Amino acid sequence: MAPTDSENSPIVVIGFGPVAARLVDSLLPAVRSGALSLTVIGDEPHPAYNRVLVADLGVGRTTAADIALADRDELEAAGVVLRLGVCVRRVDRARQLVHLSDGSAVQYGRLVFATGARPVVPNLARLNPDPQLPIRLPAGVITLRNLDDAAALHRAVQGRRRVVILGGGILGLEAALAAADEGARVTVVHHGPHTLGRSIDANAGRVLAAALRARGIRVAPNSRSTGVLLGRHDGGTPASGTGPDGAAGPNSGTGLDGGTGLDGGAGSGSGTGPDSAILPDGGTGPDGGTGVPASFSALELDDGTTIDGDLLVLSCGVRARTEVAAGAGLATGRGILVDHGLQAHHDPQVFAMGDCAEVRCLDEQCADCRGSNGPSGLIGPGWRQAEWLARVLLAGAQPSGAQPAGPPAALAPEQPPVIVLKARGVDVAAAGNVAAEPFDEPAEGADPGHTAGTLQAAPPLNVSTWADPEHGQYLKMATRAGVLEGFVSVGMPRAGAELVLLFERGSELPADRSELLRLDAAGMPAAAGGAPDGTVCRCAGVDRQTIAAAVVGGCGTVAEVSAATRAGTGCGGCHGEVRALIEQHFQPAPA
């Protein structure tokens, strides 16, 4: 197909995951009216779906229809051109052409990268991934990134199999807890002293480990994996092995060190996108290509022991997918480098957003960029970028005779992320500086500190802790001048929710810190209260009064509220509070 020019500066989006879906949704009215021409390229054959909820799909708590974020027929009827199941081979910026794996090329006026992130596959014996080639995994090894991975996990859960998850981060723990709840035998294997090592302190890690063990999950800390063992499963009987303590193969499971990529629809420069190229249920073992393929049977550790399992979930973080952008000569770092307007360096017609974009402007003195750690890996910031970029792309693109829209206000910098573990009965929330201890002394030779531009000494950092390991509760709060700079909450959902609110607002804690402990005291009534403008869904930025208005307007279920407000369409962690607000509205008035 020869590329053609378009009078309305055609927009091409590379990638079709959750962030791209939000951009398309925001542009759809303009496409339907004929003011915009829009083409979306995705390497998976399916329209966008919510990758954050793939684990829930795998354990049977949701359906593929429920996590779908786009309807192909609706988009095509509106005029969106969908090129699904094809990959991007290269981008010719001089001619403004996107070359695809089927030999065709697509002309663009403005190009948006929404390529997301690829899962990190550790270099283990009998995996040995080549970072320059599409990922091919043996049977029984998945990354929990797509619908095929969800199907593999579902089979393991349905068969009450042994699931080994390699890594100790937030999404892997959520998958481990969900799989264990639904009947799988789970072990979490990680190389640090405790799970969530980047987000919580050691004492919180001990309390969390006890909570995991109480749920039937085996935890193998300080374990460094070296390889996988493959064997032939005959009638469901896996190969044998030993656990890290020399016992029979334990239950397996793992956590994730880095969050999931938000989008994943773009192909790499090799012509095959990593999502479509990960083949968890295909391929053959090293001993031949006939009969039943070799499948994962155990994880090898550096001390010579093995951990038996039927399914290995690699949950070792992600890396931004920048290959196509780099091949086109765009600047990249941890992601595709963009300025505060999401515009690629030195090319005003190219943008990037979501988990493939690293906001770092060309001003070396920029305070907002100085502390940049690359893409956040969270769906909420990606959605906010998509909605803002849609307003940029819509500026000036209005139907004939309509008043052109002006450029939007600057995109606000993202605040430090809050980590919330979403699992039944295991409540963890953390944010900010959690490394300090109550009796820490200032480092030797350290400047006592002054507030910027003054001679006034900066107030000290004060740390308060409370622990009740017997009942699985732990709380740490680090404050400066009463304002929360960091916290960890384990097993205290109401205190954790209050601390999240205070942290996000930069508010002062109560002078009597013990007031927070009383929120989770035995006998305290459950409440769905809070400020009307308090945020309930941090992914979509929906507050209580918006949800209350939807309930008053007739929404009686979480699904109906989600459809009306978008609350709960991201990570799903706010479903409980949305449900409580619904129940609060419908409860009978006191006599």
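The rules behind each value
Residues numbered from 1 in each chain as written. Predicted model: local features only at pLDDT ≥ 70, side-chain atom pairs only at ≥ 80, totals over all residues. Heavy atoms only, no water. Helix = DSSP H or I, 4+ residues; strand = E, 2+ residues; numbered from the N terminus. Buried < 20%, exposed > 50% of the residue type's maximum accessible area, 1.4 Å probe, protein only. Contact = heavy atoms within 4.5 Å. Right-handed = clockwise from strand over helix to strand, strands pointing away. Pairing = 2+ DSSP bridges. Core = buried A, V, L, I, M, F, W, Y, C linked by side-chain atoms within 4.5 Å. Expected span 1.5 Å × (residues − 1).

## Points about the overall build of the protein
Turning to step 1, where the next piece is worked out: A count of helices and strands for the protein gives 16 helices and 27 strands.
Turning to step 2, where the next piece is worked out: For the protein, the proportion of its 591 residues judged to be buried stands at 49%.
Turning to step 3, where the next piece is worked out: Nonlocal contacts in the protein, meaning residues at least 24 apart in sequence, comprise 69% of its contacts between residues at least 6 apart.

## Here we look at the pairing of strand 10 (residues 162-166)
Turning to step 1, where the next piece is worked out: Among the five residues that make up strand 10, five are buried, leaving the element largely enclosed by the rest of the structure.
Turning to step 2, where the next piece is worked out: Side chains Arg-162, Val-164 and Leu-166 project from strand 10 onto one buried face, and the interleaved Val-163 and Ile-165 project onto a second face that is buried too.
Turning to step 3, where the next piece is worked out: A crossover links strand 10 with its parallel partner strand 11 (residues 185-189), the connecting element being helix 6 (residues 170-181), and its sense is right-handed.
Turning to step 4, where the next piece is worked out: Of the strand pairs in this sheet, strand 10 and strand 16 (residues 311-314) are connected by four bridges, and their pairing is parallel. Residue Val-164 lies in a different strand from strand 16, and its bridge partner there is Leu-312.

## Some thoughts on the nonpolar core
Turning to step 1, where the next piece is worked out: Of all hydrophobic cores here, the largest spans 75 residues; its most connected members are Phe-16, Leu-23, Val-91, Val-98 and Phe-113.
Turning to step 2, where the next piece is worked out: In contact with Val-91, not counting residues within four places along its chain, are Ile-14, Leu-97, Val-98, Tyr-108, Leu-111, Phe-113, Val-324 and Ala-328.
Turning to step 3, where the next piece is worked out: Within the second largest apolar cluster, 46 residues are counted, among which are Val-163, Val-188, Val-426 and Val-488.

## Examining helix 7 (residues 202-214)
Turning to step 1, where the next piece is worked out: The end-to-end C-alpha separation of helix 7 is 18 Å, in line with the 18 Å expected for 13 residues at 1.5 Å each.
Turning to step 2, where the next piece is worked out: Taken residue by residue, helix 7 has Ala-204, Gly-205, Val-207, Leu-208, Ala-209 and Leu-212 as its buried positions.
Turning to step 3, where the next piece is worked out: Looking at the buried side of helix 7, the elements it contacts are helix 6, strand 12 (218-220), strand 21 (418-421), strand 22 (428-432), strand 24 (473-480) and strand 25 (483-490).
Turning to step 4, where the next piece is worked out: Within two residues after helix 7, Gly-216 carries a phi angle of roughly 85°, on the positive side.

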